[in-house]
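Chain residues, written in single-letter form:
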Amino acid sequence: MLPHLVLLFISSSLVSSLDCPADCTCNSPGTIFCINRRSSTVPRVPTSTINLYVFQNGINALAQNDFTGLGDLDLLDLSQNELGEIPDGAFKKLSKLKNLDLSSNSITHISRESFSGLVQLERLYLHQNHIQSIQQDAFEGLEMLLELKLQGNKLTSLPSLTLPRLLLLDLSYNNIPTLHVSDLQTPHLETLKMASLGLLSLDEDLVASLGNLHELDISMNQLAEVPQALKKDSLKGLIKLNLAANPLSELRTEDFQKLAGLQELDLSGLNLQGFPQDFFQSFPRLDHLEAAENPFNCLCPLASFAAWLKEKNINLGRLRETRCHFPLANAGKMLSVLDHTDFGCPPTTTLLMRSPVGSTPAPQDPTTSQETTHTNAIPPPPPPSKQTLDSKTDQLPSEPPAFPSSTSAEYVQHICPPNICLNGGTCIFDPNGQLGCLCPSGTTGLYCENVDITEPPKPPGTEVSVEVSTVLADLDAISSRQVTSTSILLDLHLFIKTRPNIRGIRLTYRNLSGPDRRPIILSVPASYPEYTLRGLHPNCTYSVCASPLGERMSTRANSSVETGSCTEARTAGAPLTSLEPRVETQSSLAYTLIPAVAALALVLGLALVIGLIICLRKRRRSKAGMELELGPADPDDSSDVEGIKACPENGGNGSLPHKQTEIERCHARQPPAPLQQNGNLDYEVPLMQGQSPSNNNRSSLKPSYF
């Protein structure tokens, strides 16, 4: 019996291997994987196939007979191909198909017959295409549909969706600024995602018709206030709410009274400095919160929020991006690591209440003496007006107040908490015991936390800034350092390490110090853990954000919320100080060279003049010698001995004492003829130059050579 079973198993395996298409994998019965097959057509598979995965194949068209005989097919994955359209009735023969994935193709239009025949379809994924229009009634007949994903397309309107069983609808990252109740006839919808649609408001009737809604995502829209639709009883069952990256003016506790069932809440990128008192008491079931990329003012009013996070053990998402911006002492620190004392809250003090002292004081039992605990916690009042500050200044005592006498009915001591007033502010109390700060010139705010730009902080503040920058560089997913005055080096090691599957990195940077703050976007491979931004302006602050390539960014012009991490970097100033000594050196060198050159030119000029004078004198002497030699002598009289010219006698030319040296030179060998003819200058000229009388070449004056 056993050999027969082995033979049957081998034969069945052989048959299945023979039925498996080329370049595909058929490990499980009824399931075929054709990945990276690099073919433009759908492979032929056995009729018994139930799950067919054909993604990343390069398929650019579908034919009517591609799925002939596959009546039992339950799942068809054609994602990440190159399909530009869906032929009418292409899936008509797949009557049992429940899952169809056409995402990440190039489809531009959905017609009325694109999905005809798919009466059992439950999940239809069309996201990340180029769909611009969907014909009316394109989803008619898909009554069993549970999930429909259309995010990441180019839709500007939506046809009326009559899908009675639909549970999930994702329309995110399209351009549909308005949605009405007539657009969604989906009474059982549980999840509605409308991120980055350009919504200016949320239709109340639409939300009221979705009584079964559990998850709502309206992030990255243009909502200027919390929609009135969130204040309706129809959303009592809402579990997840995403309001991130909307230009909300403020958060009020009364706007969320109907959302007591929330378990997850995203308030990232709302430009929040804090939360109203007891804001989170409205969410008793909340266990996950995101509040990243908000400029939190980490002073005493926010200490209750940090305490609530720890007390309720709330899962705070994006910890590294949830940081304090103010005051300077806490700037850059993660909110989750701060203790109660880090917020500058006063310590809790226990003060004894004294009884009035009379003529016959009643004895008191020490064990029953009343003690009252006073906490000088600072409530979050609005910033004080100038009038309030003036009144506090008038009431500021010039001397420490004396202790109350023994006749006081009650003794309450006001204690200023340490370091509550920043930037040199003075802690004061008004007559009602309200704590405040008297700010010095150049600072403002309830606790003097804001420093005027025109009056920079003192050097100690600079040291704190350096420390804060170090903390930011250590904790941020991206960090930077200066290279030159026009370049910044970005360190992306941690960013890439926390996202090992990214295909590339999108770098977005803008100049925060100049009038032009338009972002500049670069695409960098994920293999570049370090990248240098060049061509920047000196002495400027730049906001640099990194996000995974391929993820859509916020369309809001002033939004700082990205899908990645951001940091701020500052370029160094232009090296002016290094140029000044060089300029001075050049100037001093120029001042030294000019007189030297002038003196040299003067000396050369004088030397030239003297040389000319000497040459002229020599020429005259030479002429005189020739005349003495040639004039009185007889033409036939010649006295030469082997090339030596006979010089006249000393007395023959009436020589004077100063001529003696010149006469003595006549006994030496004479220089060559050219030099004599040119006044003993060191260059040669033609012997015969009749046009130049100065050369003494006329025949009557021609000298004799031996």
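Note that the structure is a prediction, hence the values are computed from the model and not measured.

**What to know about the confidence of the model for the chain**
With 65% of its residues at a pLDDT of at least 70, the chain reaches an overall mean of 74. Low pLDDT (under 50) marks residues 554-563, which in the prediction has 27 contacts with non-local residues, meaning those over four places away or in another chain.

**Remarks on the state of the cysteines**
Enumeration over the complete set of coordinates arrives at 5 disulfides. Disulfide pairing places Cys300 opposite Cys345 at an S-S distance of 2.1 Å. The sign of the 115 degrees torsion about the S-S bond sets the Cys300-Cys345 disulfide as right-handed. Residue Cys300 is located in the loop between strand E17 (296-297) and helix H3 (303-311), and its partner Cys345 is located in the loop between strand E19 (324-326) and strand E20 (349-352); the two are separated by 45 residues in the primary sequence. In this structure Cys300 comes out as buried when scored by relative accessible area, which is 8%.

**Quick notes on the sheet that holds strand E29 (residues 520-525)**
Taken in spatial order, the 4 strands make up an open sheet running E29-E28-E31-E32, and their pairing is antiparallel. Strands at the two margins of the open sheet, each flanked by one partner only, are E29 and strand E32 (565-570). The average angle at which neighbouring strand axes cross in this sheet is 25 degrees, direction not considered. Both strand E31 (residues 541-548) and E32 contribute to a ladder of 6 bridges, which runs antiparallel. In the strand pairing of E32, Tyr542 is matched with Ala569.

**Side note on a nonpolar patch on the surface**
A cluster of nonpolar side chains, Leu602, Leu606, Ile610 and Ile614, forms an exposed patch at the surface whose accessible area comes to about 380 Å². Secondary-structure assignment places Ile614 in helix H7 (residues 576-630). Since its relative accessible area comes to 40%, Ile614 is described here as partly exposed.

**Digging into the packing of aromatic side chains**
The geometry of two aromatic rings is summed up by the distance between their centres and the angle between their planes. Following the criterion strictly, the structure yields 17 aromatic pairs and no others. Consider the rings of Phe256 and Phe279, whose centres lie 5.3 Å apart with planes at 85 degrees: the pair is edge-to-face. Placement of the pair is Phe256 in the loop between strand E14 (240-242) and strand E15 (264-266) and Phe279 in the loop between E15 and strand E16 (288-290), with a sequence separation of 23 residues. Classification of Phe279 as buried rests on a relative accessible area of 1%. Aromatic ring contacts, followed pair by pair, group Phe256, Phe275, Phe279, Phe280, Phe283, Phe296, Phe305 and Trp308 into a single cluster.

Here is what the cut-offs are and how they apply
Residues numbered from 1 in each chain as written. Predicted model: local features only at pLDDT ≥ 70, side-chain atom pairs only at ≥ 80, totals over all residues. Heavy atoms only, no water. pLDDT = per-residue confidence, 0-100. Contact = heavy atoms within 4.5 Å. Disulfide = S-S within 2.5 Å. Helix = DSSP H or I, 4+ residues; strand = E, 2+ residues; numbered from the N terminus. Buried < 20%, exposed > 50% of the residue type's maximum accessible area, 1.4 Å probe, protein only. Pairing = 2+ DSSP bridges. Axes fitted to C-alpha atoms, helices over the stretch in contact; angles between N-to-C directions. Patch = residues over 30% accessible without salt bridge, like charges linked within 9 Å, V, L, I, M, F, W, Y side chains within 5 Å. Areas by Shrake-Rupley, 256 points an atom, 1.4 Å probe, with all protein chains shown as cover. Salt bridge = Lys/Arg side-chain N within 4 Å of Asp/Glu carboxyl O. Phe/Tyr/Trp six-rings, centres within 6.5 Å; stacked < 30°, edge-to-face > 60°.

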